[in-house]
Amino acid sequence: MSKPVSKLRAGKASVASRKSATAPREYPTVALVLQGGGALGAYQAGVYEGLHASGRLPNWVAGISIGALNAAVIAGNAPEHRVAKLREFWKTICKPPFLPAPLAAPEFDDLPWPLPLQHGLSGMAAMRALLEGQAGFFLPRMPIPPLAPWRRGPHLASWYDTGPLRSTLERLVDFDRINDPRTIRVSVGAVNVRNGNFEYFDSTRQTLRAEHFMASGALPPGFPAVEIDGEYYWDGGMVSNTPLYKVLRDRPAHDALIFQVDLWSAMGELPHDLPQVASRSKDIQFSSRTRLVTEYMAREHEHQRLLHDLMALVPEPLRDDPAYLRAQARSSGALTNLVHLIYRDKPYEGHYKDYEFSANSMRRHWRAGLEDMRHTLAQPHWLDYPDAQHPFVTHDVHRL
């Protein structure tokens with residue numbers, strides 16, 4: 001998080017860190033917010049496993065890009081099967097389509113390999129993903145697009161074919177369950193290619209199918225635009241890499257506990273060569289949007305709460321005044337507890353970390369998410385209700 005939100009958190013830490021004086025209350029909204037980040041998304045699966053083990057299950061999951069795919073697997077399965085299905089999904093998309101990967105077995109993960117060797121294996125896995133694709137996810141178009149000028153159309157204008165991803169989703173996800181209003185709410189973001197507008201597909205407003213989730217992750221020029229009801233869509237991360245704004249704006253009257261899982265860290269080392277510049281620029285590009293949304297919504301939320309409290313001071317005879325009614329419509333008494341879980345890079349990772357789908361890295365990302373969730377839950381007071389004086393509080397285990 002950037003300095004403004006850090007100051008916000010620091011100013012409220014003394015309040016949020018104390019046990020609530022009242023009996024514990026359940027939040028009406030418990031949301032899981034999943035950012036985009038390609039292969040780093042296994043971290044989100046580990047976070048969900050830790051959250052699942054705690055018994056605090058979300059009733060709303062919102063995602064963009066790889067976060068949308070994880071959201072599909074989570075919402076499209078019964079709670080008792082979600083972790084297993086997530087593991088199957090990640091094992092599926094982290095397999096090379098042809099020759100097996102070297103040293104891919106779990107027993108190799110914790111061996112003390114020299115850092116240059118780890119870096120080399122990681123780079124090789126990323127190169128193989130570019131050249132060969134990933135089984136159950138995407139495969140290169142053959143012949144390659146420059147040699148196939150007859151292959152035209154928005155659904156074909158890409159380096160890779162994502163047909164395998166549709167098959168994987170349809171095998172692992174129960175879309176009837178996603179669209180059942182009695183189960184978890186789902187929201188995923190994508191960009192309309194024709195008009196450039198950002199749009200959310202939401203299970204409370206429309207019937208979601210595999211293509212809605214694929215559209216959220218259709219990053220050009222690698223992946224093709226996805227057609228939905230006559231319009232074509234690309235990856236939502238092109239406009240905003242976090243669906244936090246959607247969650248906060250759609251439940252202004254409800255108290256909420258939100259677990260926001262970010263795959264790009266705003267903090268990092270100063271780069272000293274071009275590969276490090278490429279990696280650091282990605283971090284800043286995608287994390288800055290998350291910081292911007294968080295800071296904006298924190299301020300707006302505090303203003304809404306202040307307006308709500310001021311409305312209570314207006315004498316009853318004046319409450320029919322049009323000015324009062326307009327102000328009341330813009331006020332909100334809702335309280336928000338935002339818990340950040342932010343992935344931290346591994347020493348061996350390069351600028352290709354978001355398309356390095358090796359099984360070894362996937363397991364490391366997963367474990368990192370699980371450990372961060374466990375450390376977060378080891379601070380039980382972080383889940384306490386905020387108070388009226390501090391209606392928007394944030395926490396981050398890496399800033400303890």
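Please read these numbers as outputs of a predicted model, since none were measured by experiment.

When helices and strands are tallied, the chain shows 12 helices and 11 strands. Over its C-alpha atoms, taken along the principal directions, the chain stretches across nearly 75 × 50 × 45 Å. Looking at the chain as a whole, 52% of its 400 residues are labelled buried. Considering only contacts in the chain between residues 6 or more positions apart, those separated by 24 or more positions represent 77%. Counting every atom, the chain has about 18500 Å² of accessible surface; 59% of that belongs to carbon and sulfur.

Our focus in this paragraph is the pattern of salt bridges. Using the criterion set out here, one finds 21 salt bridges in the structure. Ionic pairing is found between arginine 87 and glutamate 49, a salt bridge with its closest N-O pair at 3.3 Å. Of this pair, arginine 87 sits in helix α4 (residues 82-93) while glutamate 49 sits in helix α2 (residues 42-54); the two residues are 38 residues apart in sequence, bridging distant segments of the chain. The partner of arginine 205 in a salt bridge is aspartate 250, and the shortest N-O contact between them spans 3.0 Å. Residue arginine 205 is located in the loop between β6 (198-202) and α8 (210-216), and its partner aspartate 250 is located in helix α9 (residues 244-250); the two are separated by 45 residues in the primary sequence. For arginine 205, a relative accessible area of 57% puts it in the exposed group. The partly exposed category is assigned to aspartate 250, whose relative accessible area is 26%.

Take unusual backbone geometry next. Each neighbour pair has its own omega, and for methionine 142 with proline 143 the value is -5°, a cis peptide bond. Within the element layout of this structure, proline 143 appears in the loop between β3 (139-140) and β4 (160-161). Each neighbour pair has its own omega, and for proline 220 with proline 221 the value is -5°, a cis peptide bond. Relative to the helices and strands, proline 221 resides in the loop between α8 and β7 (226-228). For serine 65, which is not glycine, the phi dihedral falls at a positive 60°.

What follows is about the packing of α2 against α4. It is the contact of α2 with α4, at a shortest axis distance of 10 Å, that shows an interaxial angle of 165°. When the axis of α2 is compared with that of α4, the two are roughly antiparallel. Seen along the crossing, α2 lies across α4 with a hand that is left-handed. Between α2 and α4, the contacting residues are Ala42, Ala45, Tyr48, Glu49 and His52 on the first element and Arg82, Val83, Leu86, Arg87 and Trp90 on the second. In terms of residue class, the contact of α2 with α4 is made up of 6 nonpolar, 1 polar and 3 charged.

On the surface, a cluster of nonpolar side chains totalling about 430 Å² of accessible area is made up of Met142, Ile144, Leu147 and Trp159. Tracing the backbone through its elements, the reader meets tryptophan 159 in the loop between β3 and β4. A relative accessible area of 40% means that tryptophan 159 is categorised as partly exposed.

What follows concerns the confidence of the model for the chain. The share of residues in the chain with pLDDT of 70 or more is 92%, and the mean pLDDT across the chain is 88. Contacts for the low-pLDDT stretch residues 1-23, under 50 throughout, to residues beyond four places or in other chains number 36 contacts.

Moving on, we come to empty space enclosed by the protein. Going through the model one piece at a time under the given rule, you end up with 3 cavities of 30 Å³ or more. Approximately 320 Å³ is the volume attributed to the largest cavity. In this structure, the largest cavity is lined by 23 residues; those nearest its centre are Pro102, Leu121, Ala125, Ser358 and Asn360. The set of elements that each furnish at least two residues to the lining of the largest cavity consists of α5 (115-132) and α12 (359-377). Among the elements that make up the lining of the largest cavity, the one with the highest residue count is α5 (7 residues). Class assignment for the residues of the lining of the largest cavity results in 14 nonpolar, 6 polar and 3 charged.

Before going further, it helps to spend a moment on the nonpolar core. Membership of the largest hydrophobic core comes to 68 residues, with the highest contact counts inside it found for Leu32, Phe89, Trp90, Leu169, Val186, Phe213 and Phe259. Counting residues per element, this core draws most heavily on helix α3 (residues 66-75), at 8 residues. Those residues within four positions of valine 186 in sequence are excluded, and the remaining contacts are Trp60, Val61, Ala75, Ile178, Phe201, Asp202, Ser203, Leu208 and Phe213. Within the second largest apolar cluster, 14 residues are counted, among which are Ala31, Trp60, Ala62 and Leu244.

A few words on the packing of aromatic side chains. A full pass over the atoms with the stated rule returns 15 aromatic pairs. Measuring from centroid to centroid gives 6.3 Å for phenylalanine 138 and phenylalanine 357, while their planes differ by 65°, and the two rings are edge-to-face. One end of the pair, phenylalanine 138, is in the loop between α5 and β3; the other, phenylalanine 357, is in the loop between β10 (336-342) and α12, with 219 residues separating them in the sequence. Judged by centre distance (5.1 Å) and plane angle (80°), the ring pair of phenylalanine 201 and tyrosine 233 falls under edge-to-face. Residue phenylalanine 201 is located in strand β6, and its partner tyrosine 233 is located in strand β8 (residues 231-235); the two are separated by 32 residues in the primary sequence. Accessibility assignment for this pair places phenylalanine 201 and tyrosine 233 in one class, buried. Each residue in the set Phe137, Phe138, Tyr160, Phe223 and Phe357 is aromatic and connected to the rest through ring pairs, giving one cluster. One Lys or Arg, arginine 87, reaches over the ring of tryptophan 366 and ends 4.2 Å from the middle of that ring. The ring of tryptophan 60 has arginine 185 lying over it, and the distance from NZ or CZ to the ring centre is 3.9 Å.

Cut-off values and rules
Residues numbered from 1 in each chain as written. Predicted model: local features only at pLDDT ≥ 70, side-chain atom pairs only at ≥ 80, totals over all residues. Heavy atoms only, no water. Helix = DSSP H or I, 4+ residues; strand = E, 2+ residues; numbered from the N terminus. Buried < 20%, exposed > 50% of the residue type's maximum accessible area, 1.4 Å probe, protein only. Contact = heavy atoms within 4.5 Å. Areas by Shrake-Rupley, 256 points an atom, 1.4 Å probe, with all protein chains shown as cover. Salt bridge = Lys/Arg side-chain N within 4 Å of Asp/Glu carboxyl O. Axes fitted to C-alpha atoms, helices over the stretch in contact; angles between N-to-C directions. Parallel < 35°, antiparallel > 145°, perpendicular 65-115°, else oblique. Left-handed = near helix turned anticlockwise from the far one by under 90°. Nonpolar A, V, L, I, M, F, W, Y, C, P; charged D, E, K, R; others polar. Patch = residues over 30% accessible without salt bridge, like charges linked within 9 Å, V, L, I, M, F, W, Y side chains within 5 Å. pLDDT = per-residue confidence, 0-100. 1 Å grid on protein atoms, 1.4 Å probe; cavity = no way out; pocket = protein on both sides within 12 Å on 5 of 7 lines; lining within 4 Å. Points joined across faces, edges and corners; volume = space filled by probe spheres on them. Core = buried A, V, L, I, M, F, W, Y, C linked by side-chain atoms within 4.5 Å. Phe/Tyr/Trp six-rings, centres within 6.5 Å; stacked < 30°, edge-to-face > 60°. Lys NZ or Arg CZ within 6 Å of the ring centre and 35° of its normal.

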